[in-house]
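Fold and geometry: a report
The residues making up each chain are set out below.
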Amino acid sequence: MRAWDSERVGPKRYVLSSTYRDLASTFYNFELRPDDVFLLGFPRSGTTRCQESMWLINNNLEYEKSKSIVIDERCPLLELEVQFPTPFSSENSEFQNPGTIHSSKKIISPLKSLPNAPSPRFIKSHLPLSLLPPNLLDTTKVVYIARDPRDVAVSYYYIMKRLLPDDIDFEKFWGAFRDDKILLTPIFEHIKEAWGQRGHHNMRFLTYEDMSKDLASTLRQMSEFFGKEYSEEQIRGLCEHLSFDKFKTNKSVNGEQTVLKTFDIINDSDCAFIRRGKVGGWEDYFNSEQLKESANRWMSENLASTDLPFSI
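No experiment lies behind these values; they were computed from the predicted model shown.

1. Brief notes about the packing of aromatic side chains
Under the defined criterion, the tally for this structure stands at 20 aromatic pairs. Each ring, one from Tyr20 and one from Phe27, has its centre 6.0 Å from the other, and the planes form 15°; the classification is stacked. Between Phe188 and Trp298, the ring centres sit 5.0 Å apart and the planes meet at 65°, which makes this aromatic pair edge-to-face. Placement of Phe188 in helix 10 (residues 187-195) and of Trp298 in helix 16 (residues 289-303) is noted, with a sequence separation of 110 residues between them. Residues Phe188 and Trp298 agree in their burial class; the two are buried. Lying across the ring of Tyr208, Arg147 places its NZ or CZ 4.0 Å from the centre.

2. Some details on helix 10
An α-helix turns once per 3.6 residues; consequently, residues spaced three or four apart project the same way. The buried fraction of helix 10 is high, at seven of nine residues. For helix 10, every residue scored as buried is listed here: Ile187, Phe188, His190, Ile191, Glu193, Ala194 and Trp195. Buried residues along helix 10 sit against strand 2 (14-17), strand 5 (141-146), helix 8 (149-160), helix 9 (170-178), strand 6 (203-207) and helix 16.

3. Considering the side chain of His190
On the secondary structure map, His190 appears in helix 10. Classification of His190 by relative accessible area gives buried; the value is 1%. Among the polar contacts made by the side chain of His190, one reaches the side chain of Tyr144 at a distance of 2.7 Å. Those residues in contact with His190 that lie beyond four places of it in its chain are Tyr14, Gly41, Phe42, His126, Leu127, Pro128, Tyr144 and Leu184.

4. Description of helix 2 (residues 47-57)
The element helix 2 is extensively covered by neighbouring structure, given that 11 of its 11 residues are classed as buried. Every buried residue of helix 2 is listed here: Thr47, Thr48, Arg49, Cys50, Gln51, Glu52, Ser53, Met54, Trp55, Leu56 and Ile57.

5. Thoughts on the packing of helix 8 against helix 9
Helix 9 packs onto helix 8 with a crossing angle of 125° between their chain directions and a minimal axis gap of 10 Å. As far as their axial angle goes, helix 9 and helix 8 are oblique. Remark: the crossing between helix 8 and helix 9 carries right-handed chirality. Of the residues in helix 9, those in contact with Pro149, Val152, Ala153, Val154, Tyr156 and Tyr157 of helix 8 are Phe170, Phe173, Trp174 and Phe177. Taken together, the residues of the contact of helix 8 with helix 9 sort by class into 10 nonpolar, no polar and no charged.

6. Some details on the environment of Ser311
Structurally, the position occupied by Ser311 is in the segment after helix 16. Separated by 12 residues in sequence, Ser311 and Met299 place their C-alpha atoms 8.3 Å apart. What Ser311 contacts, discounting residues up to four positions off in sequence, is Asp148, Arg150 and Met299.

7. A short note on the pairing of strand 3 (residues 37-40)
Residues in a regular strand project their side chains so that they alternate between the two faces of the sheet. Burial along strand 3 is two-sided: the residues Val37 and Leu39 and Phe38 and Leu40 are all buried. With four bridges joining them, strand 3 and strand 4 (residues 122-125) adopt parallel strand pairing. Counted as the bridge partner of Leu39 is Lys124 from strand 4. Pairing geometry for strand 3 and strand 5, over four bridges, is parallel. Within strand 5, the position partnered with Leu40 by the bridge is Tyr144.

8. Digging into the packing of helix 12 (residues 215-225) against helix 13 (residues 232-241)
Orientation of helix 12 relative to helix 13, taken along the N-to-C sense of each, is 115°, at an axis distance of 10 Å. Relative to helix 13, the crossing made by helix 12 is right-handed. Two secondary-structure elements touch here, helix 12 through Leu215, Ala216, Leu219, Arg220 and Ser223 and helix 13 through Glu232, Ile235, Leu238 and Cys239. Partitioning the contact of helix 12 with helix 13 into residue classes produces six nonpolar, one polar and two charged.

9. Re the pairing of strand 5
In terms of burial, strand 5 is largely enclosed, as five of its six residues are buried. Pairing of strand 5 with strand 6, which is carried by five bridges, proceeds in the parallel orientation. Within the sheet, the bridge partner assigned to Ile145 lies in strand 6 and is Leu206.

Definitions and limits used
- Residues numbered from 1 in each chain as written.
- Predicted model: local features only at pLDDT ≥ 70, side-chain atom pairs only at ≥ 80, totals over all residues.
- Heavy atoms only, no water.
- Phe/Tyr/Trp six-rings, centres within 6.5 Å; stacked < 30°, edge-to-face > 60°.
- Helix = DSSP H or I, 4+ residues; strand = E, 2+ residues; numbered from the N terminus.
- Buried < 20%, exposed > 50% of the residue type's maximum accessible area, 1.4 Å probe, protein only.
- Lys NZ or Arg CZ within 6 Å of the ring centre and 35° of its normal.
- Contact = heavy atoms within 4.5 Å.
- Polar contact = N/O pair within 3.5 Å; in protein donor to acceptor, adjacent residues only side chain to side chain.
- Axes fitted to C-alpha atoms, helices over the stretch in contact; angles between N-to-C directions.
- Parallel < 35°, antiparallel > 145°, perpendicular 65-115°, else oblique.
- Left-handed = near helix turned anticlockwise from the far one by under 90°.
- Nonpolar A, V, L, I, M, F, W, Y, C, P; charged D, E, K, R; others polar.
- Pairing = 2+ DSSP bridges.

Structure follows, in structure tokens:
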């Protein structure tokens, strides 16, 4: 089921590519700066939209600049080598292409570029808190975004579809996701780590559902968190920029110029980086009572004895 070699990591037994083993200490000991801004979240949880929001709020709503520089450059993914596990050359710090992922463009490792990047640095990571620097929250501001895991599973399947064997349909993928056999699972442990730190003054915990229901309110919360003030007119303008239709056609964020396109992971409507963005859309794909019962039972088991902001 896994698209590449992987292994279990840490007490929570997160699934990570075998590339992680050699880089674990680099991530854990990554040198932070007080003005760094981190965005965390499980893949396909709305991190890209949140990423764009975060960058614009901290850069005086410079829309033209945001459109001219692809999001991967403005806010790079810290563990790029782990998400796209390719052996990279220590000589030139550039990735070589793995077997099933194709690219005609060379990618520079963020681990090599970030130490020399100007401040403030905006950094994205899909790693759980426990695998990142232990002083992260005491050093810099962190935004974590979570999404209903059933919607995550659907979105994750479609973005990974081109890397999976042809005989892996959604039902099989869901079974592996539910059983914590997909990259970066278990998702509930990932979310719980951040939820447990939501009271820290440097942590802002957001949900995809709240962001979709009332984007303006979420943007005001983020602005306050970062010590920024914007008028209602400016917030409305930011909401318009982040609207699903605008976002889907914005080439700096929609995947057309990002690393996913570089690796030929997205190239059709099924594998589009920005797909539907629908809250609760998972029900359209869990198309049998047995599958829906499996999903709801899994949610019930994992939500028991927690106050996570999800409903069954």
